[in-house]
Amino acid sequence: YAEVHPYFTVQEIAVDENSGFSQADLLEWSGVKVGMSMWAVDPEQVEQRLLSHSWVQSAQVHRDFPQRLRFAVSVRRPVAIVLHNGLRYLDESGTCFTLPERGPVPDLPYVSGFAGLSLDAPNVRAALDGVLRLLSLAHIWREPLSEIFWDARQGYSLFLQDRQVTIRLGWETAPEKFTQI
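A brief report on the enclosed structure follows.

Rules of the game
- Residues numbered from 1 in each chain as written.
- Predicted model: local features only at pLDDT ≥ 70, side-chain atom pairs only at ≥ 80, totals over all residues.
- Heavy atoms only, no water.
- Helix = DSSP H or I, 4+ residues; strand = E, 2+ residues; numbered from the N terminus.
- 1 Å grid on protein atoms, 1.4 Å probe; cavity = no way out; pocket = protein on both sides within 12 Å on 5 of 7 lines; lining within 4 Å.
- Points joined across faces, edges and corners; volume = space filled by probe spheres on them.
- Nonpolar A, V, L, I, M, F, W, Y, C, P; charged D, E, K, R; others polar.
- Pairing = 2+ DSSP bridges.
- Axes fitted to C-alpha atoms, helices over the stretch in contact; angles between N-to-C directions.
- Contact = heavy atoms within 4.5 Å.
- Core = buried A, V, L, I, M, F, W, Y, C linked by side-chain atoms within 4.5 Å.
- Buried < 20%, exposed > 50% of the residue type's maximum accessible area, 1.4 Å probe, protein only.
- Salt bridge = Lys/Arg side-chain N within 4 Å of Asp/Glu carboxyl O.

### Notes on unusual backbone geometry
Move 1: The linkage connecting F65 with the following residue, P66, adopts the cis geometry, with an omega of 15 degrees.
Move 2: Structurally, P66 can be placed in the loop between β2 (56-64) and β3 (68-75).
Move 3: Positioned with a positive phi, N85 is a non-glycine residue whose angle comes to about 50 degrees.
Move 4: Summarising the element assignment, N85 is placed in the loop between β4 (78-83) and β5 (87-91).

Quick look at the structure:
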């Protein structure tokens, strides 16, 4: 009786405003609709549906009986665009992900040199960790980076956005070398 009683239907869905997505997008991805039974909503399944999108970093879904659902979703924040079989994005934790098709492409430095390689390979993971170190140090120059190119034999090369200069760092990603340059 309680499972089908209108008193226990979803009437309100509250979305954490820091998610970066509209409530309509989250509802579409979650499969939850206003008017469905609260008992039919399995928070763990909804969380898994949301987490199946690579740009979603974490998702929490809570049922507040009798008629309210709460979504807390955090999204990955890209710090660079990785050129790898199309555009992939790199977040501050080193995770590569794709963005939704209907979103703007952020203006970020490109990371190249990984075409044809698996992003999960240990040497590529180590190279991407180096990219994150380089991005964190780039503020020293006060010159925006356009691209970081990685080569398995020669290491890193950096291209500045406003100057036509190529900086070949090799394998060195230490702050001292950035300061010297």
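### A few points about the layout of surface pockets
Move 1: Of the pockets and cavities examined, the second largest pocket occupies roughly 170 Å³.
Move 2: Along its surface, the second largest pocket is lined by D107, L108, P109, Y110, L135, A138, E143, P144, L145, S146 and Q161.
Move 3: Of the residues assigned to the lining of the second largest pocket, the class counts are seven nonpolar, two polar and two charged.

### A closer look at the sheet that holds strand β8 (residues 145-151)
Move 1: Overall, mixed pairing links the seven strands, which are arranged β6-β5-β4-β7-β8-β9-β10 in an open sheet. Single-partner strands in this sheet number two, and they are β6 (96-97) and β10 (166-170).
Move 2: Pairing of β8 with strand β9 (residues 155-160) involves six bridges; the strand directions are antiparallel. Within the sheet, the bridge partner assigned to F149 lies in β9 and is S157.

### Quick word on the sheet that holds β2
Within a sheet, adjacent strands bond to each other through the backbone by hydrogen bonds, running parallel or antiparallel.
Move 1: The mixed open sheet is built from three strands, whose spatial order is β1-β3-β2. Pairing within the sheet leaves two strands with one partner each, and these edge strands are β1 (12-15) and β2. With direction set aside, neighbouring strand axes in the sheet form an average angle of 15 degrees.
Move 2: The pairing of β2 with β3 spans eight bridges and is classified as antiparallel. Looking across to β3, one finds that V61 is bridged to F71.
Move 3: Relative to the sheet, helix α2 (residues 43-51) contacts β2 and β3, its axis offset from that of β2 by approximately 155 degrees.

### Quick look at the nonpolar core
Move 1: Judged by nonpolar contacts, the single largest core of 27 residues is most densely connected at L90, F114, L145, I148, Y156 and L158.
Move 2: In this view, I148 contacts Y110, V111, S112, V131, L134, L135, Y156, S157 and L158; residues no more than four positions away in its chain are not counted.
Move 3: Of all hydrophobic cores here, the second largest spans 23 residues; its members include V10, I13, V61 and V75.

### Some points on the pattern of salt bridges
Move 1: Counted under the stated rule, the structure contains six salt bridges.
Move 2: D64 is the salt-bridge partner of R68, the closest N and O atoms lying 3.7 Å from each other.
Move 3: Judged by relative accessible area, R68 falls into the partly exposed class, the value being 31%.
Move 4: The residue D151 makes a salt bridge to R153 at a minimum N-O spacing of 3.9 Å.
Move 5: When salt bridges that share partners are traced, they join E12, D64, R68 and R70 into one network.

### Considering the pairing of β9
Move 1: Within β9, five of the six residues are buried, which leaves it mostly tucked inside the rest of the structure.
Move 2: Counting the residues in the hairpin turn of β8 and β9 gives three residues.
Move 3: Of the pairings in the sheet, the one linking β9 to β10 comprises four bridges and is antiparallel in character. Note that in β10 the partner of S157 across the bridge is R168.
Move 4: The turn linking β9 back onto β10 is made up of five residues.

None of this, on its own, says anything about what the molecule does.
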